[in-house]
Amino acid sequence: MVEEIAVLGFSRHLRSRIGTRLFTWFFVLVFALILVQLVASLLHP
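Residues numbered from 1 in each chain as written. Predicted model: local features only at pLDDT ≥ 70, side-chain atom pairs only at ≥ 80, totals over all residues. Heavy atoms only, no water.

A. Region of the structure containing the overall build of the protein chain. Of the regular secondary structure elements, the protein chain holds two helices and zero strands. Taking all 45 residues of the protein chain together, the buried fraction comes to 2%. (Helix = DSSP H or I, 4+ residues; strand = E, 2+ residues; numbered from the N terminus. Buried < 20%, exposed > 50% of the residue type's maximum accessible area, 1.4 Å probe, protein only.)

See below:
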């Protein structure tokens, strides 16, 4: 029961404005990192 409350609180936090912004920036940074590694591997085979 306690774990369910924690999960609900976490998902509710992610739906907040700050949580949504952090979630978006996290995926942007991960995508940028993948793109940088792809370009680096293409330039230096």
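There is more to say, and it comes next.
B. A nonpolar patch on the surface, seen in detail. Side chains of F31, L35, L38, V39, L42 and L43 sit close together on the surface and give an oily, nonpolar patch of about 630 Å² of accessible area. The class for L35 is partly exposed, based on a relative accessible area of 44%. (Patch = residues over 30% accessible without salt bridge, like charges linked within 9 Å, V, L, I, M, F, W, Y side chains within 5 Å. Areas by Shrake-Rupley, 256 points an atom, 1.4 Å probe, with all protein chains shown as cover. Salt bridge = Lys/Arg side-chain N within 4 Å of Asp/Glu carboxyl O.)

C. Spatial organisation of the packing of aromatic side chains. Summed over the entire model, instances satisfying the criterion amount to two aromatic pairs. For the pair F26 and F27, a centre-to-centre distance of 5.6 Å together with 75 degrees between the ring planes defines the contact as edge-to-face. According to the relative accessible area criterion, F26 is exposed, its value standing at 52%. What links up through ring pairs into an aromatic cluster is the set F23, F26 and F27. (Phe/Tyr/Trp six-rings, centres within 6.5 Å; stacked < 30°, edge-to-face > 60°.)

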